[in-house]
Amino acid sequence: SSNVHQRFALVRFGKRHIGTPYRLSPPAPCIAYVKEDCSCFTKLTFKRFGKKLPDSPTRQYWNHGKWIAKADLKLGDLVFFKERGWRGPITHVGMYSGNRNVLHASSYYGKVVNSKMKYVRGYFGAKRIRHLN
């Protein structure tokens, strides 16, 4: 289906951001290919495909898409993490890129990377943005 192509396109476009320096926004502005944090990266990637997301991992999780089980992850699904523990806030978002990898602006690596999802602490849940099924 065209949706499969769209998912591949979304991940392919996201991979063009690999290497972009990580800067927390706010306070830093969210600027494509210049400085991006986790939710800035996902916002920019989805914007290219006509989807508006807020620059906040918490708001992306609670206000957008439909909940997806970890076992059902597909390319382009948003994956969310609570790096400070289950009771804390959602602190991180990335995009599932297949083979248990996540494409994300990582404060640990200091840039946008494609890395193994299991190395990001505190997996919390996933959302599928509408019209990308």
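The structure we're discussing is the one just above.
Conventions used here
- Residues numbered from 1 in each chain as written.
- Predicted model: local features only at pLDDT ≥ 70, side-chain atom pairs only at ≥ 80, totals over all residues.
- Heavy atoms only, no water.
- Helix = DSSP H or I, 4+ residues; strand = E, 2+ residues; numbered from the N terminus.
- Buried < 20%, exposed > 50% of the residue type's maximum accessible area, 1.4 Å probe, protein only.
- Contact = heavy atoms within 4.5 Å.
- Phe/Tyr/Trp six-rings, centres within 6.5 Å; stacked < 30°, edge-to-face > 60°.
- Lys NZ or Arg CZ within 6 Å of the ring centre and 35° of its normal.

Draft legend 1. How the structure looks around the environment of serine 115. Along the polypeptide, serine 115 turns up in strand β5 (residues 111-116). Residue serine 115 is classed as buried on the basis of its relative accessible area, which comes to 10%. With 94 residues separating them in the primary sequence, serine 115 and proline 21 have C-alpha atoms 16 Å apart. Every residue in contact with serine 115, bar those within four places of it in the chain, is listed here: Arg100, Asn101, Val102, His104 and Tyr109.

Draft legend 2. Just the packing of aromatic side chains, in detail. Applying the stated criterion across every chain, the model contains seven aromatic pairs. Each ring, one from phenylalanine 81 and one from tyrosine 123, has its centre 5.8 Å from the other, and the planes form 85°; the classification is edge-to-face. With phenylalanine 81 in strand β2 (residues 78-81) and tyrosine 123 in strand β6 (residues 123-128), this pair connects stretches of sequence that are 42 residues apart. A relative accessible area of 21% means that tyrosine 123 is categorised as partly exposed. Cluster of aromatic residues (ring-pair linked, three or more members): Tyr61, Trp62, Phe80, Trp86 and Phe124. The aromatic ring of phenylalanine 13 is capped on one face by arginine 48, whose charged end is 5.0 Å from the ring centroid. If you follow lysine 82 out to its NZ or CZ, it ends over the ring of tryptophan 86, 5.6 Å from the centre.

Honestly, that's just the spatial picture; any functional story needs more than this.
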